[in-house]
Amino acid sequence: MPNDDASRAPPSSKADASVAGAAALSQVGGSESAPTGPRAGAERGRAKTLPRVDAAAPELVPARMVNEVLYCPRLMYLEWSQGEFVDNAFTVEGRAVHARADRPGTPRTTEGPDDGPSVPHQTRSVWLSSARLGLTAKIDVVDHDADGSVSPIEYKRGKRPKVVEGAYLPERAQLCAQVLLLREHGYRCEQAFIYYAGEKRRLEIGIDDALIATTLAAVDRARELVTLGELPPPLVDSPKCRGCSLVGVCLPDEVTLLRALAGGSPEPEMEQLTKAAPDLVGPLDPDPWSLAGTDVLPKRVRPLLPARQERQALYVQEQGARIGLDGYCLMVRGKESQNRVGLAHISHVAVWGNVQISTQALRTLMERGIPACFLTYGGWFVGHAVGAGSSNIELRMAQHAMATKKATCTRLARGFVCSKILNCRTLLRRNASGVDRELLALRHLARKASQSASVETLLGIEGTAARIYFGAFTRMLKSRTGSLQFDLEGRNRRPPKDPVNALLSFAYSLLTKEFVLATRAAGLEPLLGFYHRPRFGRPALALDLMEEFRPLIADSVVINVLNNQVVAPGDFLSSMTGVALRPAARRRVIEAHERRMAEVITHPVFRYRISYRRVLEVQARLLCRLLLGEIDVYPPFRTR
Ligand code: SF4
């Protein structure tokens, strides 16, 4: 059964699953997700019915979803109703275990010392459904005993957990669902087993009336949640979230914090916080509580994801180079060299101009969810190739619905523009002297932006702020780079007319690529924005989200490469039409960009350490949570 172990916390973190589940039916759905006391009313009040294609109830509940709903109702909903799936080490290992179980003819003798008695016959990958039970399951292995009875065997990664029942409740209920299906199809089935690949042993699972009742209640609960279209709230401070493959999609602690700050359900800590800093509870506006950079937030958001992504981008800009597939690697062949890069180490591929990718390589990239980005030789982002992508149709529908709402667009645009101006101001304050007038003007414009009533007004404010900021941009450059010309009138592009503008255009192009990938990975439509209007081929949403990051990432990289003489006047090609970077200098700028993306900072709101690349992912996911009605405010990213 593919991915069955997937989305699972490591065994040690599942202890509470067993405890919660032991109380059977009334707790189906998890006590953590159905809070009582002061939180309960607010939580219920927040439940949103998501946009739906059709309210038709799913007829058959997969046995795996029985497992999921008992583990975490939100996980079940995200996986089943919204089609979210993200691999982590546990899902990959679980898939490998199931692949072996599914393989016809795998001899039982390879499965370990305690593999059970030999049986006359064994069937693999048995798919059964029952309309009466409302269940469907693909059973890894079914043993047929000499007396005519059968026993399902469910394969799991890892070792047996140390719990009295021998296995956690969600896993026992999944196996129970399989037993019920076998019985429904006329088989005599009294025994069921879980095979733990980590110790090559199988464990018999007792199927009693209490487990059957819990399993059937879980089937009803799963169907009910999906039919209602309600995304259950995240578990609170649950160890289950550690190791959950969807933690980066769910953002349990981040969502809980933002919801509490919105004033809906203050918990004790939040009540204290509210008393200490009344400004933190405010109207729904961009950064209504001035969260960014404040010192008053409690340290309650756990860093559940690694601070930095281990995989790296593969850039190929040698004209005429060819990218092919070589086993589990990509082989990049240039005129004079060739490089082999393991697919497991690649986050995405970006190619400039005339670089060829073989069909096999492209298909493998798509299958593995590794995007391939295409840029012109001059660095203009043309597009990207991805696999089938996210199947979260609810999210797409919500994005389309929100994009038609003027008030929502204005509110989001206020946050983007206000934060961009403030981040520009921060960069200027940190890197230039004698710019007091500009700093004052930018602060004034940021305030105006935060109060702006329309997107049209914001465009004007943004334009004025850009003139002031770029008018002072050269003051952030050290004097030894004075030989590089910069148009003091501000930005010019398409094509850029001077070296610094050429660098800025190139850096913005790289950043656009990053945001297209981040929004696409989150299941959003990059072409449909809220501030930037839709236009043929324009990644409007990516441009929206990158506004506040332009100074923090792209401008910062440009200042860095100029001030540290990573590029020199000789690195630019001037023509009648404009100025462009030479390939060697481009490579050095890409390296500087990648260094910046990998740089680990303290998140201004959540207070954990995180790389800029991860910040982009989190921001895109937070926008999803906003669009799906879970949080009321998109928290822009600002530094001080
Ligand atoms: S991260 Fe936690 S709350 Fe979110 S789906 Fe996973 S287990 Fe559930």
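Here goes a summary of the coordinates provided.

1. Some thoughts on the environment of Asp253
Position of Asp253 among the secondary structure elements: in helix α9 (residues 252-261). Look at Asp253 and you get buried, because its relative accessible area is 5%. Ignoring sequence-local partners within four residues, the contact set of Asp253 consists of Asp237, Arg300, Val301, Arg302 and Leu304.

2. Some words on the pairing of strand β14 (residues 381-385)
Alignment of strand β13 (residues 372-375) against β14, held across four bridges, turns out to be antiparallel. In the strand pairing of β14, Phe374 is matched with Gly383. Counted between consecutive antiparallel strands, the loop separating β13 from β14 contains five residues, among which Gly379 sits at a positive phi close to 105°.

3. Some details on the site of the ligand
The full set of residues close to the ligand is Cys72, Leu75, Pro234, Leu235, Cys241, Cys244, Val247, Cys250 and Pro252. Along the lines of polarity and charge, the residues of the shell around the ligand split into nine nonpolar, no polar and no charged.

4. Things to note about the sheet that holds strand β10 (residues 338-342)
Taken together, four strands build an open sheet; the order of strands is β10-β9-β8-β12 and the sheet is mixed. One side of each edge strand has no neighbouring strand; the edge strands of this open sheet are β10 and β12 (356-357). Summarising the sheet, strand β8 (residues 322-326) and β12 pair through two bridges and their orientation is parallel. Note on β12: the bridge partner recorded for Ile323 is Ile357.

5. Focus on the pairing of strand β5 (residues 193-196)
Side chains Phe193 and Tyr195 project from β5 onto one buried face, and the interleaved Ile194 and Tyr196 project onto a second face that is buried too. Looking at chain direction, strand β4 (residues 150-156) and β5 are connected through four bridges and run parallel. Bridged to Glu154 within β5 is Ile194. Handedness of the crossover joining β4 and β5 through helix α6 (residues 169-184): right-handed. With four bridges joining them, β5 and strand β6 (residues 201-204) adopt antiparallel strand pairing. Within the sheet, the bridge partner assigned to Tyr195 lies in β6 and is Arg202.

6. Some words on unusual backbone geometry
Outside of glycine, negative phi angles account for most residues, and trans bonds account for most peptide bonds. In this structure, Gln565 is a non-glycine residue whose phi angle is positive, near 50°. Note that Gln565 resides in the loop between α18 (549-563) and β15 (572-574). Located in the positive-phi region is Arg607, a residue other than glycine, with phi close to 70°. In this structure, Arg607 sits in the loop between β17 (600-602) and β18 (609-611).

Definitions and cut-offs
- Residues numbered from 1 in each chain as written.
- Predicted model: local features only at pLDDT ≥ 70, side-chain atom pairs only at ≥ 80, totals over all residues.
- Heavy atoms only, no water.
- Helix = DSSP H or I, 4+ residues; strand = E, 2+ residues; numbered from the N terminus.
- Buried < 20%, exposed > 50% of the residue type's maximum accessible area, 1.4 Å probe, protein only.
- Contact = heavy atoms within 4.5 Å.
- Pairing = 2+ DSSP bridges.
- Near = heavy atom within 4 Å.
- Nonpolar A, V, L, I, M, F, W, Y, C, P; charged D, E, K, R; others polar.
- Right-handed = clockwise from strand over helix to strand, strands pointing away.

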